[in-house]
Amino acid sequence: MNVMKAETMMLNLMRTLASLATLLVVASPVAAQSINPQATLSDRDLREFRRLMPGTYTNEEQVAFQESRGVPEKDQVMGMTVVVERTGQSILSLITWDDGRTLKARHDHSLQDGVIRADAIRNGRVDCSRTVTRVFDSFHAEGCEGPFVVDEKGIILTTGGVTNVLRRARPFTCWASPRKADGSYAFYNELVLHDQGGRVWIDATADHPRIGLKLRNVEWPTGVNRDSLALYAYQGLDEDYSPAYVWADPEAERLGINTRWLQVSCTQGDAVITPNLNLRPGKSD
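These figures come from a predicted structure and were not determined experimentally.

For the rest of this paragraph, the subject is the sheet that holds strand E17 (residues 254-258). Taken together, 4 strands build an open sheet; the order of strands is E12-E11-E18-E17 and the sheet is antiparallel. Each edge of the open sheet is held by one strand with a lone partner, namely strand E12 (188-194) and E17. Across the sheet, the axes of successive neighbouring strands diverge by a mean angle of 20°, strand direction being ignored. In this structure, E17 lies alongside strand E18 (residues 262-268), joined through 5 bridges in antiparallel fashion. Across the sheet, the residue bridging to Arg-254 is Thr-267, located in E18.

Below you can see the structure in the form of structure tokens.
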């Protein structure tokens, strides 16, 4: 009797499994239609692309080394800064060249046939479109005036046959304390700049000369020098020669300098730091 019961139970189990298998075969086309892995990936890629685009970018390092790299004058690029912001579903960008020219642009993004489409909007209509595809951790766009590639490090933009290597900037907030004529120190806070050639100037007063600060995340294209985050200090009207500078690891989040005629501290981010300032540096009190 026990053997017969066991055989009956086994037969029932096999029938149940067969029914489940049939149900899965019938239902699989419906499941494939309701869960589209490619659509899920495309949605995620669009979100990541929108997250990645905003920021401040410059070609400071490309410009700084093009002469030492032997780039012919006719092929040298002009310095440019690109500020990209996200507003709703649109990406707004402002390009500023060193000669003072500016260009504003707006791009709207959407998904079409599993591919990201970026429409350039000018005068209220679509002027041109780029198709954007993901390649590992970067996005490659084709169309309009030329292609570009964006990743966590920055943007490589080609227009009119000219390629600009635009590195993503990190924001820093600094305070500066220039020495006054009577030996005491003035104090200036909330000085905002970035590590891709960002500059800030403090106007001259009756007590101290004009002061300038500049941050660069120097990336050497050749040689044995190690990449460094550098803080330059300027004095007076000369905006090319810095009489003092310091450097640190490229990933450093704080950087300071004390030249006796100037004290400066810069911290990554937008937090305002108010120090307990030593107004007589070098003295025990």
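Attention now goes to the environment of Met-78. If you trace the backbone, Met-78 turns up in the loop between helix H3 (60-65) and strand E2 (80-87). Taking the C-alpha atoms as reference points, Met-78 and Asp-99, separated by 21 residues in sequence, lie 8.2 Å from one another.

When the pLDDT values of the protein chain are averaged, the result is 86; 83% of them are 70 or greater. For residues 16-34, every residue scores under 50 in pLDDT, and the model assigns this stretch 0 contacts once sequence neighbours within four places are set aside.

Each value, and the rule that gives it
Residues numbered from 1 in each chain as written. Predicted model: local features only at pLDDT ≥ 70, side-chain atom pairs only at ≥ 80, totals over all residues. Heavy atoms only, no water. Pairing = 2+ DSSP bridges. Helix = DSSP H or I, 4+ residues; strand = E, 2+ residues; numbered from the N terminus. Axes fitted to C-alpha atoms, helices over the stretch in contact; angles between N-to-C directions. pLDDT = per-residue confidence, 0-100. Contact = heavy atoms within 4.5 Å.

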